[in-house]
Structure formats: C-alpha cells, structure tokens
Amino acid sequence: MSKLADWAIKFTMGSGSCWNYGIENCLRIAFRQLNQTMHALLNFNLDGLPLFRSSKFQFWPILMIIANIPEIRPMAVAIYFGDAKPPSSEEFLRQHVNEINVLILNGIDLANGSQILIKVNAYIADTPARAFIKCVKTHTAYHSCIKCNVIGEFDRSGKHMSFPRLDCPRRTHLDFISKTDEDHHLWDSRTMQYYHTPLEEIQGIDMIKNFPIADSMHLIELGITKRCLNGWVNGSYNFRTKLPAHETNSISTWLKIGNDWLPSEITRQARGLDTLSFWKSIKYRTFLLYLGPVIMKHFLPYAFYNHFWYLVLATTTIYSCEVYIEVPTILNVARDLMNDYVEEFIILYGSDSISSNAHNLIHVDDDVLNFGSLRNMSASPFESTL
Ligand SMILES: [Zn+2]
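The model shown is predicted, which means the values in this text are computed figures rather than measured ones.

Draft legend 1. How the structure looks around the overall build of the chain. Scanning the chain from terminus to terminus reveals twelve helices and twelve strands. Computed over the C-alpha atoms, the radius of gyration of the chain is 22 Å, within 12% of the 21 Å expected from 2.2 N^0.38 for a compact globule of 386 residues. Referenced to the eigenvectors of the C-alpha coordinate spread, the extents of the chain come out at roughly 65 × 50 × 50 Å. Taking all 386 residues of the chain together, 52% fall into the buried category.

Here you go:
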C-alpha cells in the first residue's frame, strides 16, 4: 500500500478526498514477474465502510481482484474518504471508467514484451452500494430489483417492501440503457434527466449480467441465513417462529459441542447465539452448511425445518456447480430448490416476508450461469482487505 501511495493522485471530491492509485499501477505490481501474455478478468468491489460506529466519516474503496488468478490478493485501486458518501457515481467513478476503457482497448505492455489484456468480469457490492453505482433505486423501492421487473408490495402494518412475485420478465442490458422501466432509475430533478452512471460506458459491459446479486457473503450468509437466525432467535423480520429462551440456550450449547466435530478445514467455528450480532459471514456459512442442519432438527417445527433444508440443499447444490458446471442438470436442480425455498417462504412466513434478499434467491442461478460459480463473484476475498 505504501508503494502505491507514492503513485496515487489525490483530489477533492465533494466534502471528501479521493486517492486514485489506478488499475494499471496495481496490475504492473501484481504481474511484475510476468513473462507471457496474460488475460486478466477483473472483479471490482465497491462498498461504503464507516470509520467508527458512531461517526459519519466513511471510506469508499474501489478494490480489485483478478478473478482467474485468485492467489493474487485484493488490491486497492482508489479510496474515497469523507463525512458523507461520494457526491455522485459520476464523480466517484469517472476516472475509474476512463482508465479501464483505455486498458481494455490497449492492454498493458510490460518492459520485457509481455502484455496484460483486460476484461471486466464483475462489479460486486452490497445492495445500497450497488444501487448507488448503477444510479437505480434502492431495495426499499417498488421497482428496485436489478434482475427482473417485479413491482414490490408495500406492507403498511410492517412498513416494509416485499417482492413475492417470482415469475416477472428478466431485465436486459438494452432495457437498462434505454431506461425502459423508468421507475427503476433515479431521476435528477435539477437537470430533468435520469442520472447516468459512467459504468454504462465501459466497453463490452452488460449492466445486468456484470452486476451479480449472488454474492454468497451478502446474499446467503449475511443475508438470508442471518435473517433466519434472527427470526428464530429474536422473532424479528416478521418471522412467525420465535424460539423460547431455553431452546436458544440449548442451541448455543450444541453449537459449541458441534465445533469439536468440525473438520480442521473449517477454521471459523460457530459461536453461541448470544453473540449472533458479532458473527462474521463465515460463521453463518458454517451454521448453514454444517451445524444448522443437524442441530435445528431438534428445535424447529417439522415444516419450518423442512423449509430450512431447502436452503441448505439449494446452497450446497449451487456450490457444487463449481465442480459440475458442465452438467446443466445440476444448475437446474439448484434453480428448482431455490424457487421451492422462496415459494415455501411465502406459505410459512407470509407474502409480506419476501424481502429483497429473499426475492434475489430466485436470481442466483442466472448469475451462476453467467459466472460459472459462486466463487467467481464472491465478496469474501475483499472482506478483510481494509
Ligand atoms: Zn427480481
């Protein structure tokens, strides 16, 4: 980072500052030993990070990994810091987009005659950041799904938006750049035009396919698995199954016992439910794939446990696509399981319980089809970079 800092261009952005190290500088360091032509598939991660819990100061880093060479650690391409989020996606992303278009066109020539050829693979972000960089409405809006044309249903008693329709037409790149669904895009009342994201100008980008929602860290682990556990433990999120305190204590005990039986490959063990709010994504993953299916059988009513199993099987099957992507039936099975899980969600917890996260599960298979596996669009490599 210190070496990059010497090369960084610093400039003012709104009430904050931005350090732009640049994609080319990062790649030249990563490939300094390269002695052949290399095709680099780039994944970018953009999320807002609060500096302190009680502070309004925040970082907005643009991080990058090379999706087809996962051994190379994430790199910081640019960092914005200020007392509010960047003023606009135009200001935040303009230099990034200008640079990447030059690199896509020309590649990077190294002194020894080798060349790095560039292609954008994915922009990975949590839901609010994804809406910000695409200049579309956030997940609480009626037309906010970035993958399909579903129109949300507002629950007045719970004061939240739900997306129970699962069969709506999928969005396309052409729809997006033509602003076909006007209510999906943000309107600038000053200019009387829709906001325009510079990302649309990237050579060859698809504004739907290159923006996955099936990042397992945000969608499955910190999304639906966390939501289920909070629903069972705290009765939150409109869940109809709240376990009594003595049962949550028993589950905590079983989680601690279960840790002793986990194979050594699983380094982050699940902790007690009293520490649920501090769990990192990997602990939710350990719960979903290994400990939860065994333990929850003894605590959830049959129908709810059966429903949880759909999620376990769907997720396991989706991960299996990494190995069996050439077998279309595996992805078809995963698609059916995810759809069954969401349909059953409506029956068990009510149609008003289909949050943006729950709805997005029906789009996982499309992303896996585009990217080949969950790993190729995962935010996990970026989690501990800054
Ligand atoms: Zn949708």
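There's more to say after this.
Draft legend 2. Summary view of the coordination of the zinc ion. Coordination sphere of the zinc ion, protein contribution only: C145 (SG), C148 (SG), H359 (NE2) and H363 (NE2), at 2.1 to 2.3 Å. Coordination at the zinc ion is tetrahedral: its four donor atoms span angles of 103 to 116° at the metal.

Draft legend 3. Just the pattern of salt bridges, in detail. Counted under the stated rule, the structure contains ten salt bridges. Between R170 and D366 there is a salt bridge; the shortest N-O distance is 3.5 Å. A residue pair is termed long-range when its members are at least 10 positions apart, and R170 in the loop between β10 (160-162) and α5 (173-178) and D366 in helix α12 (residues 364-371) qualify at 196 residues. Looking at D366, the relative accessible area reads 27%, which means it is partly exposed. Residue D188 pairs with R190 through a salt bridge whose shortest N-O separation is 3.4 Å. In the salt-bridge network here, residues are joined through shared partners; they are E90, R94 and E201.

Draft legend 4. Representation of the pairing of strand β5 (residues 58-66) in the model. Burial runs high along β5: eight of the nine residues are buried. Here five bridges tie strand β3 (residues 38-46) to β5, and the two strands are oriented antiparallel to one another. Across the sheet, the residue bridging to L42 is I66, located in β5. Across two bridges, strand β4 (residues 49-50) lies against β5 in antiparallel orientation. By the bridge assignment, L49 is partnered in β5 with F59. Pairing between β5 and strand β6 (residues 75-82): seven bridges, direction antiparallel.

Draft legend 5. Focus on the packing of helix α6 (residues 216-234) against helix α8 (residues 281-295). Two numbers describe how α6 lies on α8: the axes approach to 9 Å, and their chain directions differ by 70°. On the basis of the axis angle, α6 is roughly perpendicular to α8. As for how α6 packs across α8, the hand of that crossing is left-handed. Touching M217, I220, E221, L222, T225, K226, L229 and W232 of α6 are S281, Y284, R285, F287 and L288, all from α8.

Draft legend 6. Fine view of the nonpolar core. Counting 113 residues, the largest nonpolar core has L27, F44, Y123, W232 and M296 as its most contacted members. Core analysis: the second largest hydrophobic core is formed by six residues, C145, C148, M161 and C168 among them.

Draft legend 7. Representation of the pairing of strand β1 (residues 9-13). Across five bridges, the pairing between β1 and strand β2 (residues 16-20) is antiparallel. By the bridge assignment for β2, M13 is matched with G16. Where β1 folds back onto β2 in an antiparallel hairpin, the turn is made up of two residues, including G14, whose phi is positive at roughly 60°.

Draft legend 8. Structural context of unusual backbone geometry. For C135, which is not a glycine, the phi torsion comes out positive at approximately 60°. Locating C135 in the fold gives a position in the loop between α4 (127-134) and β9 (153-155). Residue class for C135 comes out buried when judged on its relative accessible area of 5%. A positive phi is found at K179, a non-glycine position, where the angle reads about 55°. Here K179 shows up in the loop between α5 and β11 (187-188).

Draft legend 9. Region of interest: a nonpolar patch on the surface. A grouping of Y142, I151 and F154 is seen on the molecular surface, where their side chains present a nonpolar patch of about 290 Å² in accessible area. The topology assignment puts I151 in the loop between α4 and β9.

Draft legend 10. Region of interest: α4. In terms of burial, α4 is a largely internal element, six of the eight residues being buried. Listed as buried for α4 are A129, R130, A131, F132, I133 and K134. At its buried positions, α4 is contacted by β3, β5, α3 (89-106), β8 (115-124), α5 and α11 (356-360). Two to three positions downstream of the cap, the backbone nitrogen of A129 sits 3.0 Å from a side-chain oxygen, assigning the N-cap of α4 to D126. One or two residues past the end of α4 sits C135, with phi positive at roughly 60°.

Analysis parameters
Residues numbered from 1 in each chain as written. Predicted model: local features only at pLDDT ≥ 70, side-chain atom pairs only at ≥ 80, totals over all residues. Heavy atoms only, no water. Helix = DSSP H or I, 4+ residues; strand = E, 2+ residues; numbered from the N terminus. Rg over C-alpha atoms; globule rule 2.2 N^0.38 Å. Buried < 20%, exposed > 50% of the residue type's maximum accessible area, 1.4 Å probe, protein only. Donors = N, O, S within 2.8 Å, 3.2 Å for Na, K, Ca; no water. Tetrahedral: all angles 85-135°; square planar, octahedral: opposite > 155°, others 65-115°. Salt bridge = Lys/Arg side-chain N within 4 Å of Asp/Glu carboxyl O. Pairing = 2+ DSSP bridges. Axes fitted to C-alpha atoms, helices over the stretch in contact; angles between N-to-C directions. Parallel < 35°, antiparallel > 145°, perpendicular 65-115°, else oblique. Left-handed = near helix turned anticlockwise from the far one by under 90°. Contact = heavy atoms within 4.5 Å. Core = buried A, V, L, I, M, F, W, Y, C linked by side-chain atoms within 4.5 Å. Patch = residues over 30% accessible without salt bridge, like charges linked within 9 Å, V, L, I, M, F, W, Y side chains within 5 Å. Areas by Shrake-Rupley, 256 points an atom, 1.4 Å probe, with all protein chains shown as cover. Polar contact = N/O pair within 3.5 Å; in protein donor to acceptor, adjacent residues only side chain to side chain.

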